[in-house]
Amino acid sequence: MTETTEQVRRDATVRVFRGEDRTSGQFVEYTVPVDPGMVVLDVMFRVQQMRAPDLAVRWNCKAGKCGSCSAEINGRPKLMCMTRLSSLPPAEPITVAPMATFPLVRDLVTDVSFNYEKAKTIPAVRLAPPGPDGKRRMFQEEVDRVQEFHKCIECFLCQNVCHVIRDHEENKEAYAGPRFFVKLAALEMHPLDTRDRIEMIRAREGLGYCNITKCCTEVCPESIKITDNAIIPLKERVVSEFYDPLAWVKRRIFGGPDDGAKEPAAVADR
Amino acid sequence: MATTALPAQRRVLRRDLWWLEPLFIVVGLGLFVVYAFVTGVQTSGYHYAPYLSPFASPCISANCETYSFGRALLPAWFPPAFFVVWIPVAFRATCYFLRRSYYRAFFWSPPACAVPDARSGYTGETAFPFILQNVHRYAWYLAALLWVVDLYDALLAFHFPAGFGIGLGSVLMILDVVFLGLYVFSCHSCRYLCGGYLDRFHGKPVWHRMWSAVSRINTRHGVFFWLSLLFVVLTDLYIRLLVAGVITDPRIVFG
């Protein structure tokens, strides 16, 4: 090792949650050498290499695109691979905990299958018939609006931070969560989709539980404006359908926003 | 290697100043509510020609110091502000930005991200009373109408007895109406009504342009919320200080 490298190398202390359940588990403190430019996931690798080879950490791409290494760093939900050490207070130990909303498997690994079950309840897109030339067309201004929603990497940090299920386990049955409101918004605003999911979004997916405190938007590593661009527009569509008599009268007289071409969707529509 | 007992899942692991934002909201909104109540119950001191406080506009009751529409439309049952103040109250109380803020600051639901809720049960906006937040769009219709009246008042603030002029009050009133306008028209309900309800923008360029314009200012909706609140207070305070004779209004009148 050169003198220059030695000069910039320092130690970092991390307090990592260890255990197989949340009541008997505990935070264990490790001090490992770190290099400039390292991210928290690199430090977990150092801990595995030098102090605790049995530390369970889920990861894949190390590039912020697979959504596997979600955790709570100093109490804030983040991707470990996208959190530089230089962004954290240098004088304090770094706390790394598993996501709080999902059942613990071990150490930093949680069972996120709740999300996969919710995904199964969302009716897939059903495209309108092709035009006279046999082609279906979307236009740029329509693509621009929904493009953002397709950036989601399914890290489930938004699901984890959402207090509706984080602090109220009993709501998990009735509430889909921000990740799936993004999915539903992408489908609802799809210019060629023919399914109407508004009643489902209100009654089955539990949009009304969201009180728009915007934590999902704050933690999204893809900077998707979940609340402003997905959840609130969906809430407004629910208002039109269920709470706005003027909109109801307008629909009856002038037809729906897209000529009433949509049909109510059911969970089985996959 | 050292170990510490694991806290329950509900322990707050955040070490930053997460309580600062809720505290700012409690103090800021608290001060505004106190000021609005004190000024709202006054039966005088809100009109200093040609300036009319936004709290008392439109002035339509028989006990008004000036009539916005030339004559009294309602009896003098309450202080003039009471007849109109419920519109901005309803609009702001159901505003998506303010909901985020007061759910955090006053209901601790949650106080900050990854900080536990204060209450054990939670039904959000699916049950009374918070299901009433769905009236926001109606409140917007009324708030947009009220803004037109505020704009009219702001234009009248350049009309002095001796002719056209500009006073510091005129500038405050125009800034007030600009920030109010930005707040009202950057509203999420407005964004929806201005084309957000459409799935297909193609072939509807006017709707797309309107939706795009509202979307641009919608990203600053919270900033406009606070600025409009501040300028409503500043304008009212300025007019009250003029009426009380504490200050004089610097003005240029062109005659």
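Keep in mind that this is a model prediction, so the values were computed, not measured. (Residues numbered from 1 in each chain as written. Chains lettered and ligands numbered in written order. Predicted model: local features only at pLDDT ≥ 70, side-chain atom pairs only at ≥ 80, totals over all residues. Heavy atoms only, no water.)

**A closer look at the domain arrangement of chain A**
Residue and element names in this part refer to chain A. The test is simple: Residue ranges assigned to each domain were obtained from an automatic or database domain assignment. The contact definition used throughout considers only heavy atoms, calling two residues in contact when any of these lie within 4.5 Å. By convention, the term buried area covers the 1.4 Å-probe accessible surface removed from two parts as they join, with the contributions of both added. Salt bridge, as used here: a side-chain nitrogen of Lys or Arg that lies within 4 Å of a carboxyl oxygen of Asp or Glu.
Under the domain assignment used here, chain A contains domain 1 (8–110) and domain 2 (113–268). Summarising the inter-unit geometry, the C-alpha centres of domain 1 and domain 2 are found 33 Å apart. Across the boundary between the two partners, domain 1 contributes 15 residues, which contact 17 residues of domain 2. Per-residue buried area on domain 1 facing domain 2 is highest for Pro77, Thr101 and Phe102; these three make up 47% of the total on that side. Along the contact surface separating domain 1 from domain 2 lie two salt bridges.

**Quick look at the nonpolar core**
Quick note on the threshold: Only buried Ala, Val, Leu, Ile, Met, Phe, Trp, Tyr and Cys residues count toward a nonpolar core, and they belong to the same one when joined by side-chain atoms within 4.5 Å. Three labels apply to residues, based on accessible area from a 1.4 Å probe with only protein chains included: buried if under 20% of the type maximum, exposed if over 50%, partly exposed otherwise in between. The numbering of helices and of strands both runs from the N terminus, where a helix is a DSSP run of H or I of at least 4 residues and a strand a run of E of at least 2.
Met44, Met80 and Phe149 of chain A are the most contacted members of the largest nonpolar core, which totals 76 residues. In terms of residue count, the dominant contributor to this core is helix α7 (residues 178–188) of chain A (seven residues). Taken domain by domain, this core gets at least three of its residues from each of domain 1 (8–110) and domain 2 (113–268) of chain A. For Met44 of chain A, the contacting residues outside a window of four places in its chain are Val14, Val16, Leu55, Val57, Met80, Val96 and Leu108 of chain A. With 41 residues, the next largest nonpolar core counts Tyr51, Cys95, Trp140 and Met173 of chain B among its residues.

**Digging into the side chain of Thr110 of chain A**
Structurally, Thr110 of chain A can be placed in strand β7 (residues 109–110). Here Thr110 of chain A is in contact with Arg22, Arg58, Pro98, Met99, Phe102, Pro103, Leu104 and Val105 of chain A, once residues within four sequence places are set aside.

**Re the state of the cysteines**
Any covalent bond linking the sulfur atoms of two cysteines counts as a disulfide. As a reminder of what qualifies: Note on terminology: disulfide denotes any pair of cysteine sulfur atoms within 2.5 Å.
Counted according to the given criterion, the structure contains two disulfides over all chains. Sulfur-sulfur distance for the disulfide between Cys215 of chain A and Cys113 of chain B comes to 2.1 Å. Taking the sign of the torsion about the S-S bond as the criterion, the disulfide between Cys215 of chain A and Cys113 of chain B, at about -90°, is left-handed. Separated into two different chains, Cys215 of chain A in helix α9 (residues 215–219) and Cys113 of chain B in the loop between α3 (96–105) and α4 (136–156) make up a pair that spans both. Here Cys59 of chain B connects covalently by a disulfide to Cys64 of chain B, the sulfurs 2.4 Å from one another. Across the S-S bond linking Cys59 of chain B and Cys64 of chain B, the dihedral sits near -95°, which makes this disulfide left-handed. Given a relative accessible area of 0%, Cys59 of chain B falls into the buried group.

**Examining the pattern of salt bridges**
Under the criterion given, the structure shown has 34 salt bridges over all chains. Of the charged contacts, one joins Glu236 of chain A and Arg137 of chain B as a salt bridge, the two residues approaching to 3.0 Å between their closest N and O atoms. Highlighted residues: Glu236 of chain A in helix α10 (residues 226–243) and Arg137 of chain B in helix α4, drawn from two different chains. Accessibility classification places Glu236 of chain A together with Arg137 of chain B in one group, the buried group. In this structure, Asp199 of chain B engages Arg237 of chain A in a salt bridge whose closest nitrogen and oxygen atoms are separated by 2.8 Å. Taken together, the positions of Asp199 of chain B in the loop between α6 (188–196) and α7 (205–218) and Arg237 of chain A in helix α10 put the pair across two chains. Of the residues examined, Arg237 of chain A reaches a relative accessible area of 7% and is grouped as buried. One connected set of salt bridges, linked through shared partners, spans Glu188, Asp193, Arg197, Arg237 and Lys262 of chain A together with Asp199 of chain B.

**Concerning the interface of chain B and chain A**
In plain terms, the rule: Two N or O atoms form a polar contact when they lie within 3.5 Å of each other; inside protein one atom must be a possible hydrogen donor and the other a possible acceptor, and for residues adjacent in sequence the pair counts only when both atoms belong to side chains. The classification used treats Ala, Val, Leu, Ile, Met, Phe, Trp, Tyr, Cys and Pro as nonpolar, Asp, Glu, Lys and Arg as charged, and all other residues, Gly among them, as polar.
In this assembly, 55 residues from chain B lie in contact with 63 residues from chain A. Both faces combined, the contact of chain B with chain A buries some 5300 Å², and carbon together with sulfur accounts for 50% of it. The salt bridge involving Glu125 of chain B is made with Lys235 of chain A; its shortest N-O contact spans 2.7 Å. The interface formed by chain B and chain A holds 36 residue pairs in polar contact (both at pLDDT 80 or more) in total. Every element with two or more residues in the side of chain B that touches chain A is listed here: β1 (2–5), α3, α4, α6 and α7 of chain B. Partitioned by chemical class, the residues of the side of chain B that touches chain A number 23 nonpolar, 16 polar and 16 charged.

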